[in-house]
Amino acid sequence: MALKLKNNVSWIGKTDWDIKKFHGDEYSTHRGSTYNSYLIKEEKNVLIDTVWKPFAKEYVENLKKEIDLNNIDFIIMNHAEIDHSGSLPELMSYIPDTPVYCTENAVKSLKGHYHQNWNFRTVKTGDELDLGNGKKLVFVEMKMLHWPDSMACYLTEDNILFSNDAFGQHYASEYMFNDLVDQAELFAECIKYYANILTPFSLLANKKIKEILSLKLQIDMIAPGHGVIWRDNPTQIVEKYMDWANLYQENQITIIYDTMWDGTKRMAEAIAEGIKQSDNNVNIKLYNAAKTDKNDIVTEVFKSKCILAGSPTINNGILVSIAGILEIIKGLKFKNKKAAAFGCYGWSGESVPVLTETLDKAGFLVIDDGLKAIWNPDNDSIKKCMVFGEKIVKTFI
Ligand code: FEO
């Protein structure tokens, strides 16, 4: 049901406690999500974004309880992706002539998804929509944050920034406001969201945030497209984004491996031991890629200054879980991070060169040719792993 944000602005979205996978199987949502839609009732009535398609009928029925649909003057689509636009066809079946304000790219995308020629009105940065009562919506294009069609809008007088995907989190909560929820959970979801969705666009994010800050808008609330609304110190999440967009790293080394008969696992543990003996302050994390959520691994890579990737050799290559996670990591275009490879082998031993080449192509600075161990590592091999760990820390980090 509707939740009042401020004055005549309400949330009219959907809290989805059930969803555990988003974007198909691409993003894990351990804590569910929300699809946020907002209703502003001034002299003109405005609806900002809708919710994901499976909830379209429920959403429109709830909306009808808040407003006669015929009294909606404008619909704003900040972003055309299905989780925000999925209920638009259901809504437009009732009010087909209502103007839909969005970017030029969003028109392409909405037409591409729904094959409808709705009453589109394209907007650019700085365009305004008068809502009466002395209030207006100001549009800000957010190109590539995270789609070419993304935009945000700002409600004057109430000083609310409707930011869509930016500053959001996949985090279901009936509280719906940032000051009411568990802060550790909230920020864990925020950094996971940034790492997995926004990392490739960090340069643009940095620039766009500076542009928004230079407008010197009073921001009393940030109302994103997913998760809780920032009403307590709302710009704290903007400051976090500035940090994360600026070659973010912590004092962390993450070891990602897969193993067949535990040889590469023993190597991983011995390398970690070597690192620890050499530098007790560095945070070392080990993940078996076949057993760990891929998005959680990506979040740890995001926090790391160096990653070590390990796989035994199979069919002249590497295990599928490592190949998969490295494909995701490559796509995210991490910068300013170091890497090296390791792995067991029995016959030909290609895994380490394959991993090394993959890490290099993914944009990591490869700091060592890598470490191989034949068959099941013996005491001498385990010692070499520890020395490898020490060397990584002492020489390169
Ligand atoms: Fe880019 Fe929440 O969709």
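What you are looking at is a predicted structure, and each value in this text was computed from that prediction instead of being measured.

A.B. asks: Sorry if this is basic, but what is going on with the packing of helix 6 (residues 202-214) against helix 7 (residues 235-244) here?
C.D. replies: Any two packed helices are characterised by how steeply their axes cross, that is the angle between the axes, and by the distance between the axes. Orientation of helix 6 relative to helix 7, taken along the N-to-C sense of each, is 140°, at an axis distance of 9 Å. Between helix 6 and helix 7, the angle is such that the two are oblique. Helix 7 is crossed by helix 6, and the crossing has left-handed handedness. Listed contacts from helix 7 to Ser202, Asn206, Ile209, Lys210 and Leu213 of helix 6 are Val238, Tyr241, Met242 and Trp244.

A.B. asks: What is the right way to look at the sheet that holds strand 14 (residues 151-155) in this model?
C.D. replies: Neighbouring strands of a sheet are bound in pairs by backbone hydrogen bonds; such pairs are parallel or else antiparallel. A sheet is described by the order of its strands in space; here five strands give the open sequence 12-13-14-15-16, paired in mixed fashion. Lying at the two open borders of the sheet, with one neighbouring strand each, are strand 12 (128-132) and strand 16 (221-224). Taken over all neighbouring pairs, the strand axes of this sheet differ in orientation by 20° on average, direction set aside. Of the pairings in the sheet, the one linking strand 14 to strand 15 (residues 160-164) comprises three bridges and is antiparallel in character. Along strand 15, the bridge assignment pairs Tyr154 with Leu161.

A.B. asks: What should I look at first to understand the pattern of salt bridges in this one?
C.D. replies: Counted by the stated rule, this structure contains 18 salt bridges. In this structure, Asp158 engages Lys135 in a salt bridge whose closest nitrogen and oxygen atoms are separated by 2.9 Å. With Asp158 in the loop between strand 14 and strand 15 and Lys135 in strand 13 (residues 135-141), the pair connects residues that are 23 residues apart, well separated along the chain. A residue is classified by how much of its surface remains accessible, and Lys135, at 10% relative accessible area, is buried. With its nearest N and O atoms 2.9 Å apart, the salt bridge here joins Glu357 to Lys361. Taken together, the residues Glu357 and Lys361, both in helix 11 (residues 351-361) and four residues apart, mark about one turn of the helix.

A.B. asks: What is the right way to read the domain arrangement of the protein from this model?
C.D. replies: Put simply, an interface is often sized by how much accessible area is lost when its parts join up. Entries for the protein in the domain assignment read domain 1 (3-244) and domain 2 (254-392). When each unit is reduced to the centre of its C-alpha atoms, the spacing between domain 1 and domain 2 is 39 Å. Between domain 1 and domain 2, the contact holds 14 residues from the first and 11 residues from the second. Overall, the association of domain 1 and domain 2 removes approximately 1,100 Å² of surface from exposure, summing both partners, and the carbon and sulfur fraction of that is 57%. The largest contributions to the domain 1 side of the interface with domain 2 come from Asn196, Thr199 and Pro200, which together make up 37% of the buried area. The interface formed by domain 1 and domain 2 holds one salt bridge in total. Two residues, Lys192 and Asp296, come together in a salt bridge whose shortest N-O distance is 3.7 Å. Elements that contribute at least two residues to the side of domain 1 that touches domain 2 include exactly strand 5 (27-28) and helix 5 (183-198). Ranked by the residues each element gives to the side of domain 1 that touches domain 2, the list is headed by helix 5, at five residues. Grouping the amino acids of the side of domain 1 that touches domain 2 by side-chain chemistry returns six nonpolar, four polar and four charged.

A.B. asks: Where do I start with empty space enclosed by the protein in this structure?
C.D. replies: Over the atoms a probe the size of a water molecule is rolled, and this reveals where empty space is left. Across all of its chains, the model carries five cavities of 30 Å³ or more by this definition. Approximately 60 Å³ is the volume found for the largest cavity. What lines the largest cavity is simply Met142, Leu145, Ala166, Phe167, Tyr194, Leu198, Ala205, Lys208, Ile209, Ile212 and Tyr241. Breaking the lining of the largest cavity down by element, the ones donating at least two residues are helix 5 and helix 6. Tallying contributions element by element places helix 6 first for the lining of the largest cavity, with four residues.

A.B. asks: What exactly am I supposed to notice about helix 8 (residues 263-278) here?
C.D. replies: Helix length check: helix 8, at 16 residues, gives a terminal C-alpha distance of 23 Å against a target of 22 Å (1.5 Å per residue), a fit within 8%. Of all the positions in helix 8, only Gly263, Thr264, Met267, Ala268, Ala270, Ile271, Ala272, Gly274 and Ile275 are classed as buried. Summarising the contacts, the buried residues of helix 8 are in contact with strand 17 (252-257), strand 18 (283-288), strand 19 (306-310), strand 20 (338-345), strand 22 (371-374) and helix 12 (379-396).

A.B. asks: Explain a nonpolar patch on the surface here, please?
C.D. replies: Side chains of Trp347, Ile374 and Trp375 sit close together on the surface and give an oily, nonpolar patch of about 430 Å² of accessible area. Judged by its relative accessible area of 48%, Trp375 falls in the partly exposed class.

A.B. asks: What is the right way to read the nonpolar core from this model?
C.D. replies: For soluble globular proteins, nonpolar side chains are generally found buried alongside one another. Within the largest apolar cluster, 86 residues are counted, with the highest numbers of intra-cluster contacts made by Leu63 and Ile237. Element by element, the count of residues in this core is highest for helix 5, at nine residues. Built from parts of two domains, this core gets at least three residues from each of domain 1 (3-244) and domain 2 (254-392). Grouped together as the second largest cluster of nonpolar side chains are 25 residues, Ile40, Ile76, Val123 and Met221 included.

A.B. asks: Would you explain the side chain of Ser163 in this entry?
C.D. replies: Among the structural elements, Ser163 can be located in strand 15. From its side chain, Ser163 meets the backbone oxygen of Ala166 in a polar contact 2.8 Å long. Ser163 has contacts with Met151, Ala152, Ile222, Ala223 and Pro224, leaving out every residue within four places of it along the chain.

A.B. asks: How should I be thinking about unusual backbone geometry in this particular structure?
C.D. replies: Most peptide bonds are trans, and most residues other than glycine sit at a negative phi. The peptide bond linking Leu145 to His146 adopts the cis configuration, its omega dihedral lying at 10°. Inspection of the secondary structure assignment puts His146 in the loop between strand 13 and strand 14. Phi is positive for Asp49, which is not a glycine, with a value near 60°. Note on placement: Asp49 falls in the loop between strand 8 (45-48) and helix 1 (56-66). The phi dihedral of Asp262 falls on the positive side, at around 75°, and the residue is not glycine. With respect to the helices and strands, Asp262 occurs in the loop between strand 17 and helix 8. Exposure remark for Asp262: the relative accessible area of 38% places this residue in the partly exposed category.

Cut-offs applied
Counting starts from 1 at the beginning of each chain's written sequence and moves along it residue by residue. Where totals are concerned, whole chains, interfaces and linings use all residues; where local detail is concerned, this predicted model gives features only for residues with pLDDT of at least 70, and gives and counts side-chain atom pairs only at 80 or more. Water and hydrogen atoms play no part in the side-chain values, which are based on all heavy atoms of the structure. Think of each axis as a best-fit line through the C-alpha atoms, taken over the contacting stretch in the case of a helix, with angles from 0 to 180 degrees between the N-to-C directions. Secondary structure elements follow DSSP: runs of H or I of four or more residues count as helices, runs of E of two or more count as strands, with numbering from the N terminus. For this classification, under 35 degrees means roughly parallel, over 145 means roughly antiparallel, 65 to 115 means roughly perpendicular, and everything else is oblique. If you view the pair so one helix is near and one far, a crossing is left-handed when the near helix is turned anticlockwise from the far one by less than a right angle, and right-handed when it is turned clockwise. Residues count as neighbours in contact if any of their non-hydrogen atoms are within 4.5 Å of one another. Strands qualify as paired when DSSP identifies two bridges or more between them. Within this document, salt bridges are pairs made up of a side-chain nitrogen of Lys or Arg and a carboxyl oxygen of Asp or Glu, the two lying within 4 Å of each other. Burial here depends on accessible area, computed with a 1.4 Å probe over protein chains only, as a share of the maximum for the residue type. Under 20% is buried, over 50% is exposed, and the range in between is partly exposed. Residue ranges for the domains trace back to a domain assignment, done automatically or taken from a database. As a working definition, buried area equals the accessible area (1.4 Å probe) given up by two parts on being put together, with both sides summed. In the scheme used here, Gly and all other residues not listed as nonpolar or charged are polar, with Ala, Val, Leu, Ile, Met, Phe, Trp, Tyr, Cys and Pro taken as nonpolar and Asp, Glu, Lys and Arg as charged. Lining residues are defined by having an atom within 4 Å of a point belonging to a cavity or pocket. Those points lie on a 1 Å grid over the protein atoms alone, cavities being sets where a 1.4 Å probe fits but cannot get out and pockets being open sets with protein on both sides within 12 Å along at least five of seven lines. Grid points are joined across faces, edges and corners, and a volume is the space filled by probe spheres set on the points. One fewer than the residue count of a helix, multiplied by 1.5 Å, yields its expected span. Like-charged residues within 9 Å of one another, or nonpolar side chains (Val, Leu, Ile, Met, Phe, Trp, Tyr) within 5 Å, are grouped into patches, provided each residue has over 30% relative accessible area and no salt bridge. Reported accessibility uses the Shrake-Rupley method at a 1.4 Å probe radius. Residues are deemed covered only where the shown protein chains occlude them. For our purposes a nonpolar core is just a set of buried Ala, Val, Leu, Ile, Met, Phe, Trp, Tyr and Cys residues, chained together by side-chain atoms within 4.5 Å. For the purposes of these results, a polar contact is taken to be a pair of N or O atoms within 3.5 Å, where, inside protein, one atom must be able to donate a hydrogen and its partner to accept one; residues adjacent in sequence count only when each atom of the pair is a side-chain atom.

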